[in-house]
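Structural overview
Residues per chain are reported as follows:
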Amino acid sequence: MKENKNKEKQKTAAKKRLSLKQREGMMGYLFVLPWIIGVLIFVLRPLAQSFNFALSRVRMTPAGREITFIGIQNFTQILQEDETFPTELAAYLMKTIMATPIIVVFALIIALLLNSKIKGKGVFRLIFFLPVIIASGPVMSQLMSQGAGSIPAMNTSAIQSLIGFLPGFMVDAIMGLFENIVMYLWYSGVQILIFLAAVQKIDTSLYEAAKIDGVSTWECFWKITLPTIKPMTLLNVVYTIVYLSNNEQNSIIETIKNAMFGTTGSKGYGYASAMAWLYAVIVTILVLLFAAALALKKDVYAKKAKQHKKEMKKQERLIKRIERRGEQYEKQKAKRTAKAAKAVR
């Protein structure tokens, strides 16, 4: 009886203990808690107010702010009457779709080079991260005005003649990418650090085992490195899209500002809020598309690992059933012996 009680106590104590995954999840929530509090206090109310403005006509008068509900008129006016905003949205989509893979791939290549055995790693990391600190705001505007974002030796006129058959917004987006190629590479500082941290966390025993089996460096990259850092790749893609969307060089941000302070009766805070919500929806859809594209191809080793986990769980359930049946059999045997002892007495 005492042994059974001890076993039950051990089981309840084991249930009360948190697993490593649960403890890591709690620590993750603890680190994210300041951001969640900030969103609840400082973001949700302005977000709701902005959506209310998007469905209203807002006028600033000496008596105060006049808000008149007009439904989706602001959205229909943007899509049907505005000539510049839809074109700028299309150009933004083209630029972001082309620039995001370039920035992420460049960051991955530089991270792999910095992870190799070279002298002065810290200096190179500083060099690649410096543009993130220096080239921002007015400094970036000055550099762009002086032509520092492009490669002088690149013949952009020849590229433009080759793609002249494409629609105007596509030509502008492609030419903007080539003319500002250096600037886009400057945006890869944060992504390089994220990739570098992810690559350094990969267990070196995986590479050692692969080398023993005769796997080449190229195969190690595709079979070990790339699948392992896949979550960080998604993180870098999302970060790049959001950064390009909120960048100072983005013309859509300036268009929304001009609409907000527009003097015409058809524009104002409501019109600008509708623009901002449309822009936010487009950015969200773009992020989801990139995330879906990265999540489509599942890793073969991940599938095998999941199958192995399922088999292990099945075996654990089977062992528990056998243990329960054994316990029941022992209890029945104890009852029988007790009855037999009473009968003998």
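Refer to the structure printed above.
Bear in mind that the values here come from a model prediction, so they are computed numbers and not experimental data. (Residues numbered from 1 in each chain as written. Predicted model: local features only at pLDDT ≥ 70, side-chain atom pairs only at ≥ 80, totals over all residues. Heavy atoms only, no water.)

A few points about the environment of I224
As a reminder, the rule being used: In DSSP terms, a helix is any run of H or I states spanning at least four residues, a strand is any run of E spanning at least two, and both are numbered starting from the N terminus. The buried label applies to any residue whose accessible area, calculated with a 1.4 Å probe on protein chains only, is under 20% of its type's maximum; exposed applies above 50%, and partly exposed to all values in between. The criterion used for residue contact is that any of the two residues' heavy atoms lie within 4.5 Å.
Position of I224 relative to the elements: it lies in helix α12 (residues 217-228). Given a relative accessible area of 13%, I224 falls into the buried group. Linking I224 and I202, residues 22 residues apart in sequence, is a C-alpha distance of 8.6 Å. Every residue in contact with I224, bar those within four places of it in the chain, is listed here: I202, L206, Y207, A210 and E219.

Looking at the side chain of T96
Test applied: Whenever a nitrogen or oxygen atom comes within 3.5 Å of another N or O atom, the pair is scored as a polar contact, on the condition that within protein one atom can donate a hydrogen and the other can accept it, and that pairs from neighbouring residues in sequence are kept only if both atoms are in side chains.
Tracing the backbone through its elements, the reader meets T96 in helix α4 (residues 85-115). A relative accessible area of 2% places T96 in the buried class. A distance of 2.7 Å separates a polar atom in the side chain of T96 from the backbone oxygen of Y92.

Things to note about the nonpolar core
Here is the rule we go by: Take the buried residues of types Ala, Val, Leu, Ile, Met, Phe, Trp, Tyr and Cys, join any two whose side-chain atoms come within 4.5 Å, and each joined set is a nonpolar core.
Core analysis: the biggest nonpolar cluster contains 39 residues, and F85, I241 and Y279 have the highest contact counts within it. Residue assignment for this core shows that the elements contributing at least two residues are α3 (73-80), α4, α10 (189-200), α12, α13 (230-245), α14 (251-260) and α15 (269-296). Looking at this core element by element, the count peaks at ten residues for α15. Among residues more than four places away in sequence, those in contact with Y279 are F85, L89, Y92, S245, N250, I252, I253 and I256.

Points about the environment of F124
Positionally, F124 belongs in helix α5 (residues 121-134). Relative accessible area serves as the criterion here: at 37%, F124 is assigned to the partly exposed category. Between the C-alpha atom of F124 and that of L114, which follows or precedes it by ten residues, the distance is 7.4 Å. Residues in contact with F124, not counting those within four places in the same chain, are L114, I118 and K119.

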